[in-house]
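Survey of secondary and tertiary structure
Single-letter residue listing:
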Amino acid sequence: MLEILDTTLREGEQTPYVNFTVDEKIEIARLLDEVGVEMIEAGDPSVAPSIAKAVEHIASLGLRAEIVAHSIASRQSIDRAKACGADRVAIFYATSKIHLDSKLHKTQEQALAIICEHIAYARSLGLKVRYTPEDATRTDFEFLVRVCNAAIEAGADRISFADTLGIMQPHIMFERVCALRERLLPCKIDLHCHDDYGLALANAMAGIRGGADCIHTTVNGLGERTGIPDLAEAIVAFHNLDGVEKYNLEPLMNLSSYLERVSGFFLAPNKPITGQNAFSHKSGVHTNGILKDPRTYEPFDPALLGRERKIVIDKYTGKSAVAARLEEYGIEVSMAELEVIVARIKNLGDDRKQLFDSDIFEIAEQVTGRAIDVIPHDISAMVMLEVDSHVYTSSVVRRLRGFKNVANVYEITGDFDINAFVNVEDVMALNNLIEEIRGVQGVRRTETRMVLKKYNGNNK
Ligand code: HCA
Ligand code: CU
């Protein structure tokens, strides 16, 4: 049965310019434990004192997940992992010729001795041990088997087959893992797949098919360079395509948004599963299909993740989508009126602005000559903020940019310091967002103005 080790707190914090506070790490660990991942890699305590503090704190929370500390092959570093109360230490030492010659300046025999000595040392402290042959996928296969078996004999019960440079392809991964499984002494096999060619999750799935036990993930696919498989994508793919139902999907969206906020690293709208557009439909043909039966263009129901499908209205839109949107608000139009409304929408030209529901009402009013008196579900507002004098305005701006619904942020002159433009689905969502904004450290007060009508410059 598939196992997941999430390493958002270790590999994820190796993302360029990403650092978490100890409190943020604790919150991430709690949410990961709610999801039910088997292992949480909490950090390498010897890298920095704040990492040691976080690992120690997380190890003391009594979570269900096994808490893993990452470590180089050094007694001092292993001692630190032990002192933090981690259940397991993951010792990595590269085995490829390039790494041995150019980085470590060690022969294969020297490497073998160093690896075994440190694994035995960690075992003598009572730690469980995973051994990672870093750059395993570029390591001579015979040497890889020898090192891993020596590591297992020295006390490691897990081997992480690390595709450190993300150079695997699914069919090669499958073959390699089958061969490893055949040649290795009894142990669990982890797969640590980097995403340099966008193949990380595909490689990890192929490796599981080949007989591996565990895949490594991070929330939002964070990590060195292009990262490793995204936790939500992995869980939903295994859930829907492979029948793995043991994880709790409910916290996944929340985890993803939380990570966007605390990492300042925002998802592309077209990112699978958690991206803003993952369940949005646009062309007339697609929306028509979706309205008749969502299974036409949805691989699965977005409700699985607590999400909703969205139909985008613009020049690609057909009659059925516009009719459905008007109906949603109880606005009745005749077929002839509907045709003119759709034609007007199509004639809006190449203007790239997003059409808000209020824009659609305006067109409908013009076409029908009847006043439309409803409140749009999608709302824009300006939230003005005053910042405490001892706080940098830029630090508050940085936080605001992490909120999904904040479209633009301006530093301004006058009574307020910041003006944030927000787009939300309804008044309740606006209320919640304002509450969240008020919770940002350094925000003294806010004042909100709801937008009634929106115009673009240049007479567009
Ligand atoms: C690195 C180490 C590692 C380790 C993976 C593991 C890798 O190069 O930073 O311990 O499973 O990618 O090889 O992240
Ligand atoms: Cu890595």
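Residues numbered from 1 in each chain as written. Chains lettered and ligands numbered in written order. Predicted model: local features only at pLDDT ≥ 70, side-chain atom pairs only at ≥ 80, totals over all residues. Heavy atoms only, no water.

Regarding the overall build of the chain
- For the chain, the count of helices and strands is 16 helices and 14 strands.
- When the backbone C-alpha atoms are referred to their principal axes, the chain occupies close to 85 × 55 × 40 Å.
- The 460 residues of the chain split such that 51% are buried.
- Summed over all atoms, the accessible surface of the chain reaches about 22000 Å², with 50% contributed by carbon and sulfur.
- Charge centroids of the chain, computed over 52 positive and 67 negative side chains, lie 2 Å from each other. (Helix = DSSP H or I, 4+ residues; strand = E, 2+ residues; numbered from the N terminus. Buried < 20%, exposed > 50% of the residue type's maximum accessible area, 1.4 Å probe, protein only. Areas by Shrake-Rupley, 256 points an atom, 1.4 Å probe, with all protein chains shown as cover. Lys, Arg positive; Asp, Glu negative; His and termini not counted. Charge placed at Lys NZ, Arg CZ, Asp CG, Glu CD.)

Things to note about the packing of helix H1 (residues 22-35) against helix H2 (residues 49-59)
- At their nearest, the axes of H1 and H2 sit 9 Å apart, and the two run at 35 degrees to each other. Crossing handedness for the pair H1 and H2: right-handed. Here H1 contributes Val22, Lys25, Ile26 and Ala29 to the contact with H2, which in turn contributes Ser50, Ile51, Lys53, Ala54, His57 and Ile58.
- Of the residues in the contact of H1 with H2, the class split is six nonpolar, two polar and two charged. (Axes fitted to C-alpha atoms, helices over the stretch in contact; angles between N-to-C directions. Left-handed = near helix turned anticlockwise from the far one by under 90°. Contact = heavy atoms within 4.5 Å. Nonpolar A, V, L, I, M, F, W, Y, C, P; charged D, E, K, R; others polar.)

Focus: helix H10 (residues 252-263)
- Compared with an ideal rise of 1.5 Å per residue, which puts twelve residues at 16 Å, H10 spans 16 Å between its outermost C-alpha atoms and is within 8% of the ideal.
- Within the sequence span of H10, burial applies to Leu252, Met253, Leu255, Ser256, Tyr258, Leu259, Glu260, Val262 and Ser263.
- Packed against the buried residues of H10 are H1 and helix H9 (231-242).
- Where H10 terminates, the next one or two residues include Gly264, which has phi positive at roughly 65 degrees. (Expected span 1.5 Å × (residues − 1).)

A look at the pattern of salt bridges
- Applying the stated criterion across every chain yields a total of 37 salt bridges.
- The salt bridge partner of Arg88 is Asp157, with a shortest N-O separation of 2.7 Å. In this pair, Arg88 sits in strand E4 (residues 88-92) while Asp157 sits in the loop between helix H6 (141-154) and strand E6 (158-163), placing the two residues 69 residues apart along the sequence.
- Assessed through its relative accessible area of 3%, Arg88 is described here as buried.
- Where Arg449 meets Glu447, a salt bridge forms, and the shortest distance between an N and an O atom there is 2.3 Å.
- A cluster of three or more residues bridged by salt bridges with shared partners is formed by Glu386, Asp388, Arg444, Arg445, Glu447 and Arg449. (Salt bridge = Lys/Arg side-chain N within 4 Å of Asp/Glu carboxyl O.)

Quick word on the side chain of Asn149
- If you trace the backbone, Asn149 turns up in helix H6.
- Separated by 3.1 Å, the side chain of Asn149 and the backbone oxygen of Arg183 make a polar contact.
- Residues contacting Asn149, with those up to four places away along its chain left out, are Arg183, Leu184 and Leu185. (Polar contact = N/O pair within 3.5 Å; in protein donor to acceptor, adjacent residues only side chain to side chain.)

Overview of the coordination of the copper ion (ligand 2)
- At the metal site, the copper ion (ligand 2) is ligated by Glu11 (OE), His192 (NE2) and His194 (NE2), and these contacts range over 2.1 to 2.2 Å.
- Sequence spacing of the donors to the copper ion (ligand 2): E-x180-H-x1-H. With respect to burial, His192 and His194 carry one shared label: buried. (Donors = N, O, S within 2.8 Å, 3.2 Å for Na, K, Ca; no water.)

Examining the site of ligand 1
- As a structural note, the neighbourhood of ligand 1 is formed by 13 residues, with His70, Thr132, Glu134, Ser160 and Thr164 the closest of them.
- Within the contact set of ligand 1, an oxygen atom lies 3.1 Å away from a side-chain nitrogen or oxygen of Arg10.
- In the model, an oxygen atom of ligand 1 is placed 2.6 Å from a nitrogen or oxygen of the Glu134 side chain.
- Compared with its free state, where it exposes 360 Å², ligand 1 has 92% of that area covered by protein.
- Within the residue set of the shell around ligand 1, elements represented by two or more residues are strand E5 (128-132) and E6.
- Residues of the shell around ligand 1, tallied by class, amount to one nonpolar, eight polar and four charged. (Near = heavy atom within 4 Å.)

Regarding the environment of Met382
- If you trace the backbone, Met382 turns up in strand E11 (residues 379-387).
- Once the C-alpha coordinates of Met382 and Gly275 are considered, the two residues, 107 residues apart in sequence, prove to be 24 Å apart.
- Residues contacting Met382, with those up to four places away along its chain left out, are Asn419, Ala420, Phe421, Glu447, Thr448 and Arg449.

Remarks on the pairing of E4
- Burial runs high along E4: four of the five residues are buried.
- Where strand E3 (residues 66-72) meets E4, five bridges bridge the pair, whose relative direction is parallel. Paired with Ala69 across the bridge in E4 is Val89.
- Remark: the E3/helix H3 (residues 75-83)/E4 crossover connection has right-handed handedness.
- In this sheet, E5 lies alongside E4 in parallel orientation, the contact comprising five bridges. Within E5, the residue paired with Val89 across the bridge is Val129. (Pairing = 2+ DSSP bridges. Right-handed = clockwise from strand over helix to strand, strands pointing away.)

Re the packing of aromatic side chains
- Scanning the entire structure with this criterion turns up three aromatic pairs.
- Pairing Tyr329 with Phe361 gives two aromatic rings, centres 4.8 Å apart and planes at 90 degrees, and the pair type is edge-to-face. With Tyr329 in the loop between helix H12 (319-328) and helix H13 (335-346) and Phe361 in helix H14 (residues 357-368), this residue pair connects regions lying 32 residues apart in the sequence. Note on accessibility: Tyr329 and Phe361 belong to one class, buried. (Phe/Tyr/Trp six-rings, centres within 6.5 Å; stacked < 30°, edge-to-face > 60°.)

Some points on H9
- For H9, with twelve residues, the first-to-last C-alpha span of 15 Å sits near the 16 Å given by 1.5 Å per residue.
- For H9, the tally of buried residues reaches nine of twelve residues, placing the bulk of the element in the interior.
- Regarding H9, the residues found buried are Leu231, Ala232, Glu233, Ala234, Ile235, Val236, Ala237, Phe238 and His239.
- Where the residues of H9 are buried, they touch strand E1 (3-6), H1, helix H8 (200-209), strand E8 (214-217) and H10.
- Positioned one or two residues after H9, Gly243 has a phi angle of 70 degrees, which is positive.

Concerning the side chain of Glu66
- For Glu66, the location among the structural elements is in strand E3.
- A polar atom in the side chain of Glu66 sits 2.6 Å from the side chain of Lys128.
- Residues contacting Glu66, with those up to four places away along its chain left out, are Glu38, Met39, Ile40, Asp87, Arg88 and Lys128.

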